[in-house]
Amino acid sequence: MALISIDSAVAVYDPELVFVHLGFPASLQVTGLAAVPGAVRISSVARWTSQRGIDGEMFRRRQRSRAGVLQLIMTQASRQLDVLNAVRTLDDQTGLGAFPFAIVDGNGAGNRLAWGERAWLEGPPSEVDLSPSPTAIVYTFQVDGLEVVVGSLRRAR
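Now for a description of the structure that goes with this document. Numbering of residues begins from 1 in every chain and follows the order in which that chain's sequence is written. The model is predicted, so local features are restricted to residues of pLDDT at least 70 and side-chain atom pairs to those at 80 or more, both for listing and for counting; the totals for chains, interfaces and linings are taken over all residues. Note that the side-chain values use all heavy atoms of the structure and ignore hydrogens as well as water.

**Quick notes on the environment of Gln80**
Think of it this way: any DSSP run of H or I at least four residues long counts as a helix, any run of E at least two long counts as a strand, and we number them from the N terminus. Along the chain, Gln80 turns up in helix α2 (residues 80-94). In sequence terms Gln80 and Gly32 are 48 residues apart; their C-alpha atoms lie 7.1 Å from each other. The contacts of Gln80, once residues within four sequence positions are left out, are Leu28, Gln29, Val30, Thr31 and Met74. The contact rule is simple, with two residues in contact once any of their heavy atoms fall within 4.5 Å.

**Some details on the pattern of salt bridges**
Side chains that differ in sign of charge can pair as their charged atoms come close. We define a salt bridge as a contact between a side-chain nitrogen of Lys or Arg and a carboxyl oxygen of Asp or Glu at a distance within 4 Å. Summed over all chains, the structure comprises six salt bridges. One salt bridge in this structure joins Glu147 and Arg47, with 3.5 Å as the shortest N-O distance. One end of the pair, Glu147, is in strand β11 (residues 147-151); the other, Arg47, is in the loop between β3 (40-44) and β4 (48-52), and 100 residues separate them in sequence. Residue burial is assigned from relative accessible area. The probe radius is 1.4 Å, only protein chains are included, and a residue is buried under 20% of its type maximum, exposed over 50%, and partly exposed in between. The partly exposed category is assigned to Arg47, whose relative accessible area is 25%.

**Some remarks on the environment of Ala119**
Tracing the backbone shows Ala119 in strand β8 (residues 111-121). Taking the C-alpha atoms as reference points, Ala119 and Leu70, separated by 49 residues in sequence, lie 8.3 Å from one another. Ignoring any residue separated from it by four or fewer positions in sequence, one finds Ala119 in contact with Gly97, Ala98, Phe99, Phe101, Gln142 and Val143.

**Some details on the nonpolar core**
Grouping buried Ala, Val, Leu, Ile, Met, Phe, Trp, Tyr and Cys residues that are joined through side-chain atoms within 4.5 Å yields what is termed a nonpolar core. Of all hydrophobic cores here, the largest spans 23 residues; its most connected members are Leu22, Leu84, Phe101, Tyr139 and Phe141. Every element with two or more residues in this core is listed here: β1 (18-23), β6 (68-75), α2, β7 (99-105), β8 and β10 (136-144).

**Focus: the side chain of Gln71**
Structurally, Gln71 can be placed in strand β6. Here a polar contact is recorded for every N or O atom pair within 3.5 Å, except that within protein the pair must consist of a potential hydrogen donor and a potential acceptor, and residues adjacent in sequence are included only if both atoms are side-chain atoms. Polar contacts involving the side chain of Gln71 include one to the side chain of Thr140, which spans 3.2 Å. Setting aside anything within four residues of it in sequence, one finds Gln71 in contact with Ala39, Val40, Arg41, Ser126, Val138, Tyr139 and Thr140.

**With respect to the pairing of β8**
Note that β7 and β8 share five bridges and pair antiparallel. Note on β8: the bridge partner recorded for Phe99 is Ala119. Whether two strands pair depends on DSSP finding at least two bridges between them. Connecting β7 to the next strand, β8, in antiparallel fashion are five residues, including Gly108 with a positive phi near 80 degrees. When β8 meets β11, the two strands line up antiparallel, connected through five bridges. Its bridge partner being in β11, Arg112 is matched across the sheet by Val150. Pairing of β8 with β10 involves four bridges; the strand directions are antiparallel. The residue of β10 that forms the bridge with Ala119 is Val143.

Here it is as structure tokens:
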């Protein structure tokens, strides 16, 4: 009979170990994320483009863009909704709504990090469902200078 450590046999995902910090004039830790899969979504544009010639030879070219999209799915009861609305209003009136952000996922033994040099709200929430049952609200941010690290480097226990 082989013994398996409890860490490798049982994996429990704790959303409380996902830390999202938005760097407004003062850093704000986002709370009130919805308890849904993918409450924090990050997508990036391709960093390379490639083309195949008629002779079959292929070349590639590095793209300069480090753009991406960040989506935060919030609960309707989150206190952060007021802050996000205030930042959006400030940006609409002054253009000062771009800020850095950082995300750390502390679940598991690997590294899951993301950060951006500048992020800004696209506008009002991109998804709102007004209904009698509590639903999620989706805020979408455009990102410049996006870096994402998803690695298997092990942290000390």
